[in-house]
Amino acid sequence: MKRYQILGVLVIAGLFFTNCKKDPLIEDVSSGSSGPTPYNLITPNGFPFMNIPADNPLTVEGVSLGRRLFYDPILSGDNTQSCASCHTQAFSFSDNGNQFSTGIDGFLGGRNSPAIINAGWSSSLFWDGRAASLEEQALGPVPNPIEMHLTWTDAMVKLNAHPDYPTLFSKAFGTISIDSILVAKAIAQFERTLISNDSKWDKYLRGEASLTASEARGFDIFFTEKGDCFHCHSTILFTDNLFHNNGLDDIFTDIGLGAITGSSNDNAKFKSPTLRNVEFTAPYMHDGRFNTLEEVITFYSEGVKFSPTISPLMKKVAQGGLQLNPLEKQDLLSFLRMLSDTTFVNNPDYSDPF
Amino acid sequence: MRKYRLTYLISILCFFVILLACKKDSPPNDNKDYINMTFSFAHEVDGLSLDFDTIKYTNSIGNNYSVATLKYFISDIILHKSGGGTVLIDAEHYIDAVDPTTLSFSPTDMIPNGTYTYLSFTFGLDSAKNVSASYLNPPENNMEWPLAMGPGYHYMKLEGKYDSLGIIKNYQCHTGQSMGNPYFVNLTLPVSSFTANGKNLAVELIMNVNKWWESPSLIDLNDVTGIMGNQVMQLQFMGNGADVFRVGSIQ
């Protein structure tokens, strides 16, 4: 959507506020002083509008509660695991370099834990997009037997008996009757604050950094049809939030989106992951099959396999991929490393509050 | 798209709040001298309905192919009055053939009553409208055309597979402002003249995908990969685009 349309709305809204001095709505808002404090989420210049559900506006108390819940092992069956166990800040909220994640009972999942970064802009969650919102996603891991393995009923008993949580929920949501929905809402609020826009790439866009020769060449490969990465890892978020088969396999063990939609045309399609902070999120792909970015680049260069659902965007499939020479591979790697945001992985607002 | 609708909703809401709360003068909106027009978009391949992901179409040069993606912009619809004079609808619209919510376009501009003999529009975005970073939100922002080859947005992404001597290959018909040169298409569509007289009108525009591959330039899908920087191909698609649409029903 065009920026001027947003502007239009603001102007109209402005008119409304200046022309209607005695509006009862405004008085209501200011008089409700006992409610939570609205959280002023500043989204970076050039980023899309963030769709925040109308029934879960960000509040200072809600975000802070969500952060605590994200890091609190109270939400697991044996009090050993929190969301942060598999989504660690130093790894851009992916799982500590593990290919698969281990739940509290020692079971391994079959998918690689994705980074949680700029997730407020994701139109769907999980590799196969099966959750439509962060709220819906956050309901999953707690009762999942191969993850935190705690029924929501038991989780409520623990949270209600806790010395702090009833007050914290009451401050954030105005109620002491804690339920799974409120837990999910609080966590989702925290996740929406996990914004990255301080990579060297962002600094370059802001005119605060310049590219090395190798980065500049890598930039060219990424953003031209030489590499053609931009068609899927697109926009300022470095993902189109759409699903593609990028040619990893010719025989599938995990059919991804196909299992959700039931359409064989969707087999082996997975959500394009953002490439922001990709340097910190090894191993790579939905099954963590590649240990390094070098391996990923070699895959796109020589390892692409044809299958009936391969994305029509994939080029030179018959030759196995882009056929990049060693210098081009190195340059592409330099570019991907430009997307690393150390401010994000060190941001004290995102860290363990305990 | 979702945000798009939300914005309108909010605008409309705010508007009503102003009307109700502040008792401002309402603008004239019961004017019988103007009508609203709706444009709907349909797609076919030489009379066959457009189905996705199945290789079942054949173009003039003999490629057997499928369509996986068809996304594009149209803009600046112009209605031409009988006896001269035009009405410009200064707006752009994004279409994704698989997304029903994009298949109809109701411009906010009102159209004056009169008899119109033909309509024309821009396929893609002209240079004034094709400005990088003007679309920040999905789905339009995913049409971005990198600065290094652009700037602006893809006019069209038409992608799919074709059978190349028994090997299935991908094609990507990506048109846009290539290396600084615009290749948007001006289409003029003859219609049997229609009259607007106080009653809203719905106009159907039908794209025949096969027309992209012929007249005047015969296209072989083997050449339709990595063409974003290819001026020769862009020029050919600009030429072929002139007759890809026809007007269907007007009611």
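Residues numbered from 1 in each chain as written. Chains lettered and ligands numbered in written order. Predicted model: local features only at pLDDT ≥ 70, side-chain atom pairs only at ≥ 80, totals over all residues. Heavy atoms only, no water.

Novice: Is there a simple way to explain the side chain of Gln189 of chain A in this structure?
Specialist: With respect to the helices, strands and loops of the structure, Gln189 of chain A is situated in helix α8 (residues 180-192). In this structure Gln189 of chain A touches Asn56, Pro57, Leu58, Thr59, Gly62, Val63 and Phe173 of chain A, once residues within four positions along its chain are discounted. (Helix = DSSP H or I, 4+ residues; strand = E, 2+ residues; numbered from the N terminus. Contact = heavy atoms within 4.5 Å.)

Novice: Would you explain helix α6 (residues 152-161) of chain A in this entry?
Specialist: Along an α-helix, residues three or four apart share an orientation, since each turn contains 3.6 residues. Residues and elements named next belong to chain A. For α6, every residue scored as buried is listed here: Trp152, Ala155, Met156 and Leu159. With its buried residues spanning 100° around the axis, α6 presents them on a single face. Summarising the geometry of α6, the exposed residues directed more than 90 degrees from the buried face are Thr153, Val157 and Ala161. As for α6, its buried residues are in contact with α3 (60-71), α5 (134-138), α7 (165-173) and α8. (Buried < 20%, exposed > 50% of the residue type's maximum accessible area, 1.4 Å probe, protein only. Arc of directions from axis to C-beta.)

Novice: In this structure, what is going on with empty space enclosed by the protein? I would like to understand it.
Specialist: A probe matching the size of a water molecule, rolled over the atoms, marks out where space remains unfilled. All names here are of chain A. Counted according to the given criterion, the structure contains one cavity of 30 Å³ or more. One number sums up the size of the largest cavity: a volume of about 80 Å³. Lining the largest cavity we find Asn245, Asn246, Gly247, Leu248, Asp249, Phe252, Thr253, Asp254, Ala268, Phe270, His286 and Arg289. Tallied by class, residues from the lining of the largest cavity come to four nonpolar, five polar and three charged. (1 Å grid on protein atoms, 1.4 Å probe; cavity = no way out; pocket = protein on both sides within 12 Å on 5 of 7 lines; lining within 4 Å. Points joined across faces, edges and corners; volume = space filled by probe spheres on them. Nonpolar A, V, L, I, M, F, W, Y, C, P; charged D, E, K, R; others polar.)

Novice: Before we go on, may I ask you to explain the nonpolar core in this structure?
Specialist: One finds Phe123, Trp213 and Phe245 of chain B to be the most contacted residues of the largest nonpolar core, which totals 55 residues. With six residues, the top contributor of residues to this core is strand β13 (residues 185-196) of chain B. Not counting the four nearest positions on each side in its chain, Phe245 of chain B is found in contact with Phe41, Tyr72, Phe121, Phe123, Leu187, Leu189, Leu205, Ile206 and Met207 of chain B. Counting 46 residues, the second largest nonpolar core, distinct from the first, contains Trp152, Ala155, Ala172 and Ile195 of chain A. (Core = buried A, V, L, I, M, F, W, Y, C linked by side-chain atoms within 4.5 Å.)

Novice: Help me understand the confidence of the model for chain B in this model?
Specialist: Low-pLDDT stretches of the model should not have their predicted coordinates read in fine detail. All names here are of chain B. Averaged over every residue, the pLDDT of chain B is 89; the share at 70 or more is 88%. Overall, residues 12-28 carries pLDDT values under 50, and its contacts beyond four positions in sequence, including any with other chains, amount to 18 contacts. Among the prediction metrics, the complex's ipTM stands at 0.87, with pTM recorded as 0.90. (pLDDT = per-residue confidence, 0-100.)

Novice: So what exactly am I meant to see when it comes to the side chain of Ser199 of chain A here?
Specialist: Residue and element names in this part refer to chain A. Here Ser199 is to be found in the loop between α8 and α9 (200-205). On the accessibility criterion, Ser199 (0% relative accessible area) is buried. Within the structure, the side chain of Ser199 is placed 2.7 Å from the side chain of Asp202, a separation counted as a polar contact. When neighbours within four sequence positions are excluded, Ser199 is seen to be in contact with Arg276, Met338, Leu339, Ser340 and Asp341. (Polar contact = N/O pair within 3.5 Å; in protein donor to acceptor, adjacent residues only side chain to side chain.)

Novice: Can you help me understand the packing of aromatic side chains in this one?
Specialist: Aromatic ring pairs: the centre-centre distance and the angle between the two ring planes describe each pair. Taken as a whole and assessed by the stated rule, the structure comprises 41 aromatic pairs over all chains. Taken together, a centroid distance of 5.3 Å and an interplanar angle of 80° make the contact between Phe121 of chain B and Phe245 of chain B edge-to-face. Highlighted residues: Phe121 of chain B in strand β10 (residues 114-123) and Phe245 of chain B in strand β15 (residues 245-250), separated in sequence by 124 residues. Judged by relative accessible area, which is 5%, Phe245 of chain B ranks as buried. Ring plane angle 80° and centroid distance 6.0 Å describe the contact between Trp213 of chain B and Phe237 of chain B, whose orientation is recorded as edge-to-face. Of this pair, Trp213 of chain B sits in the loop between β14 (201-208) and α2 (231-240) while Phe237 of chain B sits in helix α2; the two residues are 24 residues apart in sequence, bridging distant segments of the chain. With relative accessibility at 0%, the residue Trp213 of chain B sits in the buried group. A cation over a ring is seen here: Arg68 of chain A above Tyr165 of chain A, with NZ or CZ 4.9 Å from the ring centre. (Phe/Tyr/Trp six-rings, centres within 6.5 Å; stacked < 30°, edge-to-face > 60°. Lys NZ or Arg CZ within 6 Å of the ring centre and 35° of its normal.)

Novice: I would appreciate a short explanation of the domain arrangement of chain A in the present structure.
Specialist: Interfaces are frequently sized by the accessible area removed from exposure as the parts join. All names here are of chain A. Looking at the assigned domains, one finds that chain A contains domain 1 (9-196) and domain 2 (198-342). Centre-to-centre, using C-alpha coordinates, domain 1 lies 28 Å away from domain 2. Contact residues are listed per partner, giving 29 residues for domain 1 and 25 residues for domain 2. For the pair domain 1 and domain 2, the summed buried surface comes to about 2000 Å²; carbon and sulfur atoms form 56% of the total. Area buried by domain 1 at its contact with domain 2 is led by Trp127, Asp128 and Ser196, which between them contribute 29% of it. At the junction of domain 1 and domain 2, the tally comes to one salt bridge. If you look at where domain 1 meets domain 2, you find ten residue pairs in polar contact (both at pLDDT 80 or more). Here the side of domain 1 that touches domain 2 is built from residues that sort into eleven nonpolar, 15 polar and three charged. (Domains from an automatic or database assignment. Buried area = accessible area lost by both parts, 1.4 Å probe. Salt bridge = Lys/Arg side-chain N within 4 Å of Asp/Glu carboxyl O.)

Novice: Explain the confidence of the model for chain A to me, please; I cannot follow it from the model alone.
Specialist: A residue-level look at chain A finds 91% of positions with pLDDT of 70 or above and a mean pLDDT of 92. Confidence drops under a pLDDT of 50 for residues 5-32 of chain A, and excluding neighbours within four residues, the segment shows 24 contacts in the predicted structure.

Novice: Would you explain the pattern of salt bridges in this entry?
Specialist: Oppositely charged side chains can pair when the atoms bearing their charge come close. All names here are of chain A. All chains considered together, the criterion is met by 23 salt bridges over all chains. A salt bridge links Arg111 to Asp128, with the shortest nitrogen-to-oxygen separation between them at 3.0 Å. With Arg111 in the loop between α4 (83-86) and α5 and Asp128 in the loop between α4 and α5, the pair connects residues that are 17 residues apart, well separated along the chain. Residue Asp128 is classed as buried on the basis of its relative accessible area of 4%. One salt bridge connects Arg206 with Asp198, and the closest N-O pair in it is separated by 2.6 Å. In the salt-bridge network here, residues are joined through shared partners; they are Arg111, Asp128, Arg130 and Asp254.

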